[in-house]
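Secondary and tertiary structure notes
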Amino acid sequence: MRRDGATETQGKLLCAWQLAVLRFAVTLDNAERMHVLAVAGELDRLSGAAEGAFQFFRRTTAELCHAITGNDAHAESIVRRFERQIDNPRLRRAFEAAIARDQTPPKIVTSRTRPSEDLWRGLAPRRATGT
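As a starting point, this report considers the structure included with it. In this text the structure is predicted, and so the values were computed from the model without any measurement.

If you tally the helices and strands in the protein chain, you get six helices and zero strands. Its helices and strands taken in sequence order, the protein chain reads α-α-α-α-α-α from the N to the C terminus. The proportion of buried residues among the 131 residues of the protein chain is 25%. If you take every contact in the protein chain between residues at least 6 apart in sequence, the share linking residues at least 24 apart comes to 51%. If you sum the accessible surface of the protein chain, you get close to 10200 Å²; carbon and sulfur atoms cover 55% of it.

Have a look at this one:
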C-alpha cells in the first residue's frame, strides 16, 4: 500500500513538473524557472537520489529551460524530445503552442467584398414615402 501511495505521489508530482515547465515556456520568467527546478529537486528526492548523486530531473530541467530560451545549438531536439514524452494530449498541445511563438501565425483570410456592399443585398428597395 505504501508503494502505491508513493507511485501516485510521484505521478502527481511528475504532472506538476510538466505543468511547471509549460508555465516557464509561456512566461520565460526566472521565478518560474526556479519553481520548475524546485519541483525537479523534489522528484529527485522521492526517487531516492542522494544529495551529491546524479540528479536526473534537475539536470533535465536545467537542460530543458536552457533549450526553451533558445540558448542551445540542440534546443529544437531537446524540446521535441520532452514534448514526445508528455502523455496528456491537452498538455502536449499547450506545450507545442507555447514553444511555437517564433513561428508566424496563420493569416486570417478576409472577404473580398467590403462589408457595406453585402449588408443590404437581398432586401427589397425602399420606396420613398411622401407626406
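This brings us to the packing of helix 4 (residues 75–84) against helix 5 (residues 89–99). Two elements in contact, helix 4 and helix 5, have axes whose closest approach is 10 Å; the angle formed by their N-to-C orientations is 165 degrees. Our classification of the angle between helix 4 and helix 5 gives roughly antiparallel. Crossing angle aside, the handedness with which helix 4 passes helix 5 is right-handed. Packed against helix 4, whose contacting residues are Val79, Arg80, Phe82 and Glu83, the element helix 5 presents Arg92, Phe95, Glu96 and Ile99 at the interface.

As for its position among the elements, Thr69 is in the loop between helix 3 (56–68) and helix 4. Taking the C-alpha atoms as reference points, Thr69 and Phe24, separated by 45 residues in sequence, lie 9.6 Å from one another. With near-sequence residues (within four places) excluded, Thr69 lies in contact with Phe24, Leu28 and Arg33. Polar contacts involving the side chain of Thr69 include one to the main-chain carbonyl oxygen of His66, which spans 2.9 Å.

What counts as what
Residues numbered from 1 in each chain as written. Predicted model: local features only at pLDDT ≥ 70, side-chain atom pairs only at ≥ 80, totals over all residues. Heavy atoms only, no water. Helix = DSSP H or I, 4+ residues; strand = E, 2+ residues; numbered from the N terminus. Buried < 20%, exposed > 50% of the residue type's maximum accessible area, 1.4 Å probe, protein only. Contact = heavy atoms within 4.5 Å. Areas by Shrake-Rupley, 256 points an atom, 1.4 Å probe, with all protein chains shown as cover. Axes fitted to C-alpha atoms, helices over the stretch in contact; angles between N-to-C directions. Parallel < 35°, antiparallel > 145°, perpendicular 65-115°, else oblique. Left-handed = near helix turned anticlockwise from the far one by under 90°. Polar contact = N/O pair within 3.5 Å; in protein donor to acceptor, adjacent residues only side chain to side chain.

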